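# Per-entry structural report
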Amino acid sequence: MSKRSEAAPQTRVWSRSVRLLHLGLIASVTVAWVFREDLGPAHEVAGYVALAAAALRSGIGLAGRGYARFGQFVRSRAATLGYARQVLRGTAPRYIGHNPLGGWMVLALLGCIGLLGASGWLYTTDLFWGYGWLAWLHAALGWTLLALVALHVGGVVFTSIAHRENLVKAMLTGRKAPPGPGDVD
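Residues numbered from 1 in each chain as written. Predicted model: local features only at pLDDT ≥ 70, side-chain atom pairs only at ≥ 80, totals over all residues. Heavy atoms only, no water.

Tallied over the entire structure, the rule returns 4 salt bridges. Its salt-bridge partner being arginine 36, residue glutamate 37 comes within 3.9 Å of it at the nearest N-O pair. By relative accessible area, which is 31% here, arginine 36 ends up partly exposed. With a shortest N-O distance of 2.6 Å, glutamate 165 and arginine 94 are connected by a salt bridge. (Salt bridge = Lys/Arg side-chain N within 4 Å of Asp/Glu carboxyl O. Buried < 20%, exposed > 50% of the residue type's maximum accessible area, 1.4 Å probe, protein only.)

Structure (structure tokens):
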């Protein structure tokens, strides 16, 4: 299995702001998870940072440009199911931006973080302090986010191997090899 040529000209895929927000989400979600039993200031601040990063990333997804824009990578249900079938057959094309499954994963992760942040904030208000159902919802959303993160990381590893491309490096540098024959821009 040979790697894609890293000496070839690179295509800019993710802006610095998208990459920094991605790293900020990784850090803040990790801190919130590590301090989930404490529910003290570290958990709370990390949750608000994650919520802010998710909101900013959503803004870029709605009003940004290029590969960061939701309209560029969120595909229809039919297109996404077709892509999933191609993945199962081992014939899925390489995407320069997010593939259809990755696009829906972005929305699922951002939505889950948004709901987690909202439920965490509600729990700190006088109106909802101590409500068991809200604590249960917040915990369930935390476990849901953990499952989504595991699926996301698994998808990145699978796609990196399938297309012989280091997607972690691409997220850190913001650049990927340009489109080749059969690739989807």
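From this point, the discussion proceeds with the structure in view.
The phi angle of most residues is negative, glycine excepted, and most peptide bonds adopt the trans form. A positive phi angle is found at arginine 164, which is not glycine, with a value near 50 degrees. Tracing the sequence through the fold places arginine 164 in the loop between α6 (132-162) and α7 (167-173). (Helix = DSSP H or I, 4+ residues; strand = E, 2+ residues; numbered from the N terminus.)

For the rest of this paragraph, the subject is the packing of aromatic side chains. Under the counting rule described, the total for this entry stands at 7 aromatic pairs. Both rings, one in phenylalanine 70 and one in phenylalanine 73, keep their centres 5.9 Å apart while their planes meet at 90 degrees; by these two values the pair is edge-to-face. In this pair, phenylalanine 70 and phenylalanine 73 both sit in helix α3 (residues 70-73), 3 residues apart, roughly one turn of the helix. Among the residues examined, phenylalanine 70 registers a relative accessible area of 12% and is labelled buried. Among the aromatic side chains, those forming a connected cluster through ring pairs are Phe128, Tyr131 and Trp133. (Phe/Tyr/Trp six-rings, centres within 6.5 Å; stacked < 30°, edge-to-face > 60°.)

What follows is about the packing of helix α1 (residues 16-34) against α6. One way to put it is that α1 packs onto α6 with a least axis distance of 12 Å and a crossing angle of 135 degrees. Considering the angle they form, α1 stands oblique to α6. For α1 against α6, the interelement crossing comes out left-handed. Of the residues in α6, those in contact with His22, Val29 and Trp33 of α1 are Gly142, Trp143, Leu145, Leu146 and His152. In terms of residue class, the contact of α1 with α6 is built from 5 nonpolar, 3 polar and no charged. (Axes fitted to C-alpha atoms, helices over the stretch in contact; angles between N-to-C directions. Parallel < 35°, antiparallel > 145°, perpendicular 65-115°, else oblique. Left-handed = near helix turned anticlockwise from the far one by under 90°. Contact = heavy atoms within 4.5 Å. Nonpolar A, V, L, I, M, F, W, Y, C, P; charged D, E, K, R; others polar.)

Turning next to the nonpolar core. Residues Leu25, Leu110, Ile113 and Leu145 are the most contacted members of the largest nonpolar core, which totals 17 residues. Listing elements by their share of this core, those giving two or more residues are α1, α2 (41-63), α3, α5 (100-123) and α6. Among all residues touching leucine 25, those that are not within four sequence positions of it are Ala50, Ala53, Ala54, Leu110 and Ile113. (Core = buried A, V, L, I, M, F, W, Y, C linked by side-chain atoms within 4.5 Å.)

Time to look at the environment of serine 58. Along the chain, serine 58 turns up in helix α2. Taking C-alpha positions, serine 58 is 21 Å from aspartate 185, a pair spaced 127 residues apart along the chain. Leaving out residues up to four positions away in the same chain, serine 58 has contacts with Phe70 and Leu110.

Turning next to the confidence of the model for the protein chain. Put simply, the protein chain has an average pLDDT of 93, and 95% of its residues get 70 or more. Put simply, strand β1 (residues 11-12) is where the protein chain has its lowest mean pLDDT, 92, and helix α4 (residues 77-89) is where it has its highest, 97. (pLDDT = per-residue confidence, 0-100.)

Turning next to α5. Under the 1.5 Å per step criterion, the end-to-end length of α5 is 35 Å for 24 residues, consistent within 8% with the ideal 34 Å. Residues of α5 that are buried in the fold lie against α1, α2, α3, α4 and α6. The N-cap residue of α5 is asparagine 99: its side-chain oxygen and the backbone nitrogen of leucine 101 are 3.0 Å apart. (Expected span 1.5 Å × (residues − 1). Polar contact = N/O pair within 3.5 Å; in protein donor to acceptor, adjacent residues only side chain to side chain.)

Right, let's talk about a nonpolar patch on the surface for a bit. A cluster of nonpolar side chains, contributed by Leu20, Leu23, Ile26, Val168 and Leu172, occupies part of the molecular surface with about 470 Å² of accessible area. For the nonpolar patch, the secondary structure elements donating two or more residues are α1 and α7. Counting residues per element, the nonpolar patch draws most heavily on α1, at 3 residues. Residue position: isoleucine 26 is located in helix α1. Under the relative-accessibility criterion, isoleucine 26 is labelled partly exposed at 45%. (Patch = residues over 30% accessible without salt bridge, like charges linked within 9 Å, V, L, I, M, F, W, Y side chains within 5 Å. Areas by Shrake-Rupley, 256 points an atom, 1.4 Å probe, with all protein chains shown as cover.)

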